[in-house]
Amino acid sequence: MYQLTGRMEQALRQYLVKYHDLFDGGRCSGWELEELVFKSIQSDSTAGHHATWQEGGHDDQADIRVRVNGKIYPLQIKSGEIKHIKSGATKSPHLVLSGHRLGRFNGNFEDMTEYLNEDRANFLSIPYRKVDDDQGRHHIYQIVYVEGMYLHQLNPAEWERLSKSTWKQINSNGVIFTLHPSMSWQVWWRIPLSLVSHSPEFTIG
């Protein structure tokens, strides 16, 4: 799993500080976040990591590819949110990510499941929360690394219909998948934090 060096993580924090000097309303996301991660990788000239960024690429392919000693690491850059979600009898922290829209499969669970089980890229997620208090507004971020192998092992016969608008399946890793027909069959992942590696939270503002 590719991870940013300490120097890259520090650069990303500095870029986010600059972003919030200009925009104080909410999180940095979308292509702006992709570009800041790309620039952070470029910032460490001593690491020998060579990145390419496909601006506005398809959401099921790598946003950034990093070459290290001849090996290519494809990364999807995601925003994300940390939430406490009930899994079994208890609640535990999960990383919640939105994913691909699978409307082209016309609700065929065999085809959608096969697609979701394919290898594409690992995720670099920057979950966010905002706090307003007596001291003002604070933007709180974290850097989370998710290996794509945890997002497989689905069975097309095991999708459970929760409502007219949601189907659900939990794989053997404890990752909760939901499909939403009303959103062009978009997939959402709820990934236990025990499966990922992450930095401490850092606060801006």
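Here, the structure is the one placed above.
Read on for an overview of the structure. Everything quoted here is computed from the prediction, not taken from an experiment.

1. Describing empty space enclosed by the protein
For the structure shown, the criterion picks out one cavity of 30 Å³ or more. The space that makes up the largest cavity amounts to roughly 120 Å³. Among the residues forming the lining of the largest cavity, the class breakdown is six nonpolar, four polar and three charged.

2. Digging into unusual backbone geometry
Glycine aside, negative phi is the norm for most residues, and most peptide bonds take the trans geometry. For Asn69, which is not glycine, the phi dihedral falls at a positive 50 degrees. For Asn69, the location among the structural elements is in the loop between strand S2 (64-68) and strand S3 (71-78). Judged by its relative accessible area of 80%, Asn69 falls in the exposed class. Look at Ser184: it is not a glycine, yet its phi comes out positive at around 60 degrees. With respect to the helices, strands and loops of the structure, Ser184 is situated in the loop between strand S12 (176-180) and strand S13 (186-192).

3. Here's the deal with the pattern of salt bridges
Scanning the model with the defined rule gives six salt bridges in all. One salt bridge in this structure joins Arg120 and Glu118, with 2.7 Å as the shortest N-O distance. Given a relative accessible area of 22%, Arg120 falls into the partly exposed group. Glu201 serves as the salt-bridge partner of Arg129, at 2.9 Å between the closest nitrogen and oxygen. Taken as a pair, Arg129 in strand S7 (residues 128-133) and Glu201 in the loop between strand S14 (197-198) and strand S15 (202-204) lie far apart in primary sequence, 72 residues in all.

4. Focus on helix H2 (residues 30-43)
Given a rise of 1.5 Å per residue, 14 residues ought to cover 20 Å, and the 20 Å separating the end C-alpha atoms of H2 matches this to within 8%. The inward-facing, buried residues of H2 contact helix H1 (6-22), strand S1 (49-53), S2, S3 and strand S6 (122-125).

5. Overview of the pairing of strand S11 (residues 166-170)
Sheet topology places strand S10 (residues 160-163) next to S11; three bridges connect them, and they run antiparallel. Each residue of the ladder has a partner; that of Arg161, found in S11, is Trp167. In this antiparallel pair of consecutive strands, S10 and S11, the connection spans two residues. As paired strands, S11 and S12 are joined by four bridges and run antiparallel to one another. Bridge pairing in S12 links Trp167 to Leu179. In this antiparallel pair of consecutive strands, S11 and S12, the connection spans five residues, and Gly174 shows a positive phi of 85 degrees.

Conventions used here
Residues numbered from 1 in each chain as written. Predicted model: local features only at pLDDT ≥ 70, side-chain atom pairs only at ≥ 80, totals over all residues. Heavy atoms only, no water. 1 Å grid on protein atoms, 1.4 Å probe; cavity = no way out; pocket = protein on both sides within 12 Å on 5 of 7 lines; lining within 4 Å. Points joined across faces, edges and corners; volume = space filled by probe spheres on them. Nonpolar A, V, L, I, M, F, W, Y, C, P; charged D, E, K, R; others polar. Helix = DSSP H or I, 4+ residues; strand = E, 2+ residues; numbered from the N terminus. Buried < 20%, exposed > 50% of the residue type's maximum accessible area, 1.4 Å probe, protein only. Salt bridge = Lys/Arg side-chain N within 4 Å of Asp/Glu carboxyl O. Expected span 1.5 Å × (residues − 1). Contact = heavy atoms within 4.5 Å. Pairing = 2+ DSSP bridges.

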